[in-house]
Each structure stands twice: as C-alpha cells, then as structure tokens.
Amino acid sequence: MKEFDNEIKQEQEMPKKETNKVKKAAFSGIKASFSTRKFKGGAYTTVVTAVVLVIVLLINVFVSELDLKVDLSSDDMFTLTDTTKEYLSNIKDDITIYYMVQTGSEDNIVKRIMDKYNSASGRISVIHKDPVLYPAFASQYTDEEISNNSVIVVNNTNGKVKYVDYNDMFEYEMDYTTYNTITSGVDVEGQITSAIQYTTMEELPVMYMVEGHGEMQLSDTLKATLKKINVTTNKLATLKTESIPEDCSILLITAPQTDYSTEEVDMIKEYLSTGGDAIILVDYAVEGLGNFNSLLNYYGVGFVNGVVLEGNSNYHMGKYVNYLLPNIESHEITSSILTKDAPVITPVAKGIEILDSARSTIELTPLLTTSDSAYSKTDIQSDVIDKETGDIEGPFNLGILIEENYNDAETKIAVYGSAYMIDEDLTAFPSSGNMDMFLNTVNYVGGKDNSVAIPIRNLAQEYLTISASQSNFWAALVVIVIPASFLITGGYICIKRRKK
C-alpha cells in the first residue's frame, strides 16, 4: 500500500517537473532573444530616437521661450529695427499695447510684429482684445471707430493714449495694369513706435511753413513722415502776421520765388534772436532776393552765383553733372546716414559760402560739401556743361548748420542749397539718404533728441544709386573684362589640347 502511494505521488510530481522544464526553456528562449544582435540594434535605435525627440522638444521649448526665430523675409519685415530696440530700451514709462482683433482673424504681419514688442522691453506689454467679446472696451480710450487688427497704445504712467488704425499700417498704390489697389509697403513698426513716442513725449513740436512768396509745398510723403515723428505742421503767411507764433518750434522756408519785405525779415530776425530755430532751402534759379539774402548774411552765410556742377564723376549721378552726390560731413545730423552709407542726392544746387563778416558768437558747421573739381555755372541758361570763363571754382558747401549762443538764447539754422533734395521722388527713393537728412535736421534743430522715424518696409522693387565712375566700372567689368576672360581661358585650353 505504501509503495502504491509513492508511485501515485511520483506520477503527480512528474507533470510539475515537466512544466518547470518547459517554463525554464521558455524563459531561456526569451532571455536569449533579448541578447540577439537584432534586438540590441533595435533597442539602440529606439533609445536614440527617444533621446533625439526629447532634445528636439527641449530645443523647441527653448526657442519658443526666447523667441529665437530667424526672419528670412525681405528687408527683415518681421524683425524690429535697431532704432526701435534702442528707443524702447530707454523708455521709463509703463506702456500697454492693446491689439484689437477678433480671434481667428489676425493679420499675420501685424500679429508677428506685435509679438516682437512684447519681448522688446520690460516696460511694454501687449494684450489681445477681441472687440466682439469686449465691445465697449475701446470707448474708454478713443472715440474713433475701431477697425479689426488696429492698435491702442496706452501710457499707464501719464495717461496719454494713441490709436493706430489698421489701414494706416500699410501703404497702398494703384496698379494701373489691373486697376486694383495693391499693398506696396508695410509700416506696422513705424506707426506703433510713433504711437509709443507720442504717449511718452512731454511736448509735441510744431513746425510753421512760411507761405506767400511762391514757396515749394511739402510732398505728401514728407508730411506723413513728419506726422509719424509727431511733428505738427501749420502754414504761416508772414505778410499777414505781426510775429512768429509762440508755439513755433521750427520755422521752415522752402525755396521762395519772390522777395520778403523788410518787416518780414525783421520779424524773423526777432524770432531767431530769442532762441528760435529754422530750416531754409533755396532755389538755384531765383534771383533778386535782396531782403531774404540779407537774413542769411546776418548769420554769416551767402550764396554763390549760378548752379553747381561736378567735374568729378564720383560726385554726381550717372551723366547728370547737376545731380550731385556730395561729401557727407560727420555730425549728429548725418551720423545715421554715414552708418548706412547712403548717398544724399542734391539736384541743381546753389553753393553756400561762409562770409568773413560772420560774428564770433556764430558757429558754422558744413554738412554737405562738393569735391574740389566742382564749379558754379554762372550762366544757368548755358547748354555747355564744361567749365567756362566766368564760372566759379569750387569746392562749395551745399548744406551748412548755423548755431549761435547769445544772451542766453540758443539759435539753430540749417541751410541747404537745393530745395529739390526733399522732392517726393528723392525722399521716397529707397536707397537715398534724403529723407533721413531732412528728418535728422528737424530733430536736431527742433531739439528732439529722442525722436525716431522708422521707414516703411517697401514691398516694391528697390534700386541702387551709383555714381558715374561706378557705373562705368561695372559696365566695363560685365561687358569687357568677364567675356574676355572666358575667351582667353577657352583659347588657352584649346591650344593646349591641340599640342597634346
């Protein structure tokens, strides 16, 4: 009986042993599969992939937090200019920019540029406000009708507010081939930076433009740019007034065609002698302005008879010897132009001379000068462009700054020999420094040390301004030198192969 029980017990234990063997064999097989080269390679690939994904994720988070996107657009359209960055870094007031846009209808250009302001200064915050969700929000700041993608700039320190309409952030023109309106320029940064300046400026300068003597009118582009730097422009008929208005920051005289009266000259002298400032541009073709010229003679400068032509091809545009590209002298007014290496195109100009009679209290600083090869053609009707007997030898000043400190009054007068340098075509010319020259003059003469003007990002084709000598050099290089080099190289290779 006992033996029978042992046999039964052994029979019961047999399956357990077989099962354990199977389990051990299976486990060994699984363990072996983890040790194969195929598994190791797959595991390595999986781990590397996971690590790469984690690194890419971390880099994306890092870039997003620090806004390290690269702007590959033309003219760095989505990047704030150094001028704006420098200006914003010096702001002491707390500014809030409300981006008034319906969710889902954001303009891509406006949104991307707005985001740049949010990170440009710790004093500036950008808040999106949906006018549909908050219909009454804008009414506490402005009475104007709010358009989608517009902006309200609020200075929380002094309470000043500036509204920027969406349509003012872009420049439009007519395409006469299709008769459709197209967007030709982007001015988002220019308008927003201007609005911030407006809210932070204690006093807004006022420019009075003298009229009544056939003066040249400012172009729409120039008026719009003056508005952008927060300069108010008013007209002033000096024949109809007894004194220059007290709020006049700058008196602008642009190419009078008829002479001033002695009373007008005395009135302007009185304004200048008490600390007034002025910008004066003249027309080369106008003569007989005795009273007007006496005003400038009083401040130590006069005009050379005739029109200035350039004998040096590096100092005029192409074949036009009367479209001058003068030397730009170093000064606060010209510093930004020199940095950009932009030419100041000065067409049909009068030379400006410094008089020996200038008072010792007056400081005269040249801003634009010709080369030594320049000469003034005294017969402005002559068809001969070469220097003739009677023509006046250069060099000449084409722009000069007059400064006088006397009896605790500081006077600044900028004089330019060409009124056409602020013509619409030249101030809007992308590669010229004419607009900067005029605006920098306004800022300096008017004492606006912290004012900046951000140019419109032009979407149209840009052109390069080169002198006559540069044009000849590149023409010779492209037409003669490069083709000749190919011919010589090809001939040499052919001769060498034939000899073999």
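It should be noted that the structure appears before, not after, this text.
This structure is a prediction, so every number in the text was calculated from the model and none was measured.

**Focus: the overall build of the protein**
For the protein, the count of helices and strands is 12 helices and 23 strands. Counting across all 500 residues of the protein, residues that qualify as buried make up 39%. Excluding contacts between residues fewer than 6 apart, the proportion of contacts in the protein whose partners are at least 24 apart in sequence is 74%. Approximately 28500 Å² of the protein is accessible, and the part contributed by carbon and sulfur atoms is 53%.

**Observations concerning the environment of I328**
Among the structural elements, I328 can be located in strand β15 (residues 327–328). Classification of I328 by relative accessible area gives buried; the value is 18%. C-alpha separation for the pair I328 and V344, spaced 16 residues apart in sequence, amounts to 7.7 Å. Ignoring any residue separated from it by four or fewer positions in sequence, one finds I328 in contact with T334, I337, L338, A342, V344, L367 and L368.

**So, the packing of aromatic side chains**
Counted by the stated rule, this structure contains seven aromatic pairs. Between the aromatic rings of Y298 and Y299, the centroid separation amounts to 5.1 Å while the plane-to-plane angle is 85°, which identifies the pairing as edge-to-face. Judged by relative accessible area, Y298 falls into the partly exposed class, the value being 38%. Here the aromatic cluster, defined as three or more aromatic residues joined through ring pairs, consists of Y98, F137 and Y141. The ring of Y198 is capped by K162, whose NZ or CZ atom sits 4.6 Å from the centre of that ring.

**Some points on the side chain of S150**
By the secondary structure assignment, S150 is in strand β3 (residues 150–155). Taking relative accessible area as the criterion, S150 reaches 0% and is therefore assigned buried. S150 has contacts with Y98, Y99, M100, Y163, V164, D165, Y166 and M169, leaving out every residue within four places of it along the chain.

**Quick word on the pairing of strand β1 (residues 95–100)**
When you tally the buried positions in β1, you get six out of six residues, the bulk of the element. The alternating pattern of β1 places I95, I97 and Y99 and T96, Y98 and M100 on opposite faces, both of which are buried. As judged from the six bridges shared by β1 and β3, these two strands associate in the antiparallel manner. The partner of M100 across the bridge, within β3, is S150. By the bridge criterion, six bridges tie β1 to strand β2 (residues 124–129) in an arrangement that is parallel. Residue Y99 lies in a different strand from β2, and its bridge partner there is H128. Handedness of the crossover joining β1 and β2 through helix α4 (residues 108–120): right-handed.

**Description of unusual backbone geometry**
In this model, G394 is joined to P395 through a cis peptide bond whose omega is 5°. By secondary structure assignment, the location of P395 is in the loop between β20 (392–393) and β21 (397–406). Positioned with a positive phi, N230 is a non-glycine residue whose angle comes to about 65°. Here N230 is to be found in the loop between α6 (220–228) and β8 (232–237).

**A few points about the sheet that holds strand β12 (residues 307–309)**
One open sheet holds the three strands; their spatial order is β12-β19-β20, and the pairing between them is antiparallel. Strands at the two margins of the open sheet, each flanked by one partner only, are β12 and β20. As paired elements, β12 and strand β19 (residues 375–377) share three bridges and run antiparallel to each other. Note on β19: the bridge partner recorded for V307 is K377.

**Some thoughts on the pattern of salt bridges**
Under the definition given, this model contains nine salt bridges. With a shortest N-O distance of 3.0 Å, E388 and K377 are connected by a salt bridge. In this pair, E388 is assigned in the loop between β19 and β20 and K377 in strand β19, connecting sequence segments 11 residues apart. By relative accessible area, which is 3% here, K377 ends up buried. Note that E393 and K387 form a salt bridge whose closest N and O atoms lie 2.9 Å from each other. E393 gets classed as exposed once you look at its relative accessible area, which sits at 57%. You can call K387 partly exposed: its relative accessible area is 41%.

**Structural notes on the side chain of T370**
Structurally, T370 can be placed in the loop between β18 (362–369) and β19. A relative accessible area of 5% means that T370 is categorised as buried. Polar contacts involving the side chain of T370 include one to the main-chain amide nitrogen of F396, which spans 2.9 Å.

**Observations regarding helix α3 (residues 82–89)**
An α-helical segment advances 3.6 residues per turn. Residues three or four places apart therefore align on the same side. Those residues of α3 that fall on the buried side of the exposure criterion are T84, Y87 and L88. Taken end-on, α3 shows its buried residues confined to a sector of 95°, consistent with a single buried face. Turned more than 90 degrees away from the buried face of α3 sit D82 and E86, all of them exposed.

Conventions adopted
- Residue positions are given per chain, counting from 1 as you read along its sequence in written order.
- With the structure being a predicted model, the display of local features is reserved for residues of pLDDT at least 70 and the display and counting of side-chain atom pairs for 80 or more, all residues being used for whole-chain, interface and lining totals.
- Hydrogens and water molecules were not included; the side-chain quantities draw on all heavy atoms of the structure.
- Starting at the N terminus, helices and strands are each numbered in turn, a helix being any DSSP run of H or I of at least four residues and a strand any DSSP run of E of at least two.
- Only protein chains enter the accessibility calculation, which uses a 1.4 Å probe; a residue is then buried when its area is under 20% of its type maximum, exposed when over 50%, and partly exposed in between.
- Whether two residues are in contact is decided by their heavy atoms: any pair within 4.5 Å suffices.
- Each accessible area is a Shrake-Rupley estimate made with a 1.4 Å probe; only the visible protein chains count as cover when residues are assessed.
- Paired rings are identified among Phe, Tyr and Trp, the last through its six-membered ring, by centres lying within 6.5 Å, and are further divided according to the angle between planes into stacked (under 30 degrees), edge-to-face (over 60) and tilted (the rest).
- Two thresholds decide whether a charge sits over a ring: the Lys NZ or Arg CZ must be within 6 Å of the ring centre and within 35 degrees of the ring normal.
- At least two DSSP bridges between two strands are required for those strands to pair.
- The path from the first strand over the helix to the second decides the hand: if it runs clockwise while the strands point away from the viewer, the crossover is right-handed.
- When a carboxyl oxygen of Asp or Glu lies within 4 Å of a side-chain nitrogen of Lys or Arg, that pair is called a salt bridge.
- N or O atoms within 3.5 Å of each other form a polar contact, as long as, within protein, one can give a hydrogen and the other can take it, and as long as residues adjacent in sequence are counted only when both atoms are side-chain atoms.
- The directions from the helix axis to the C-beta atoms form the arc being described.

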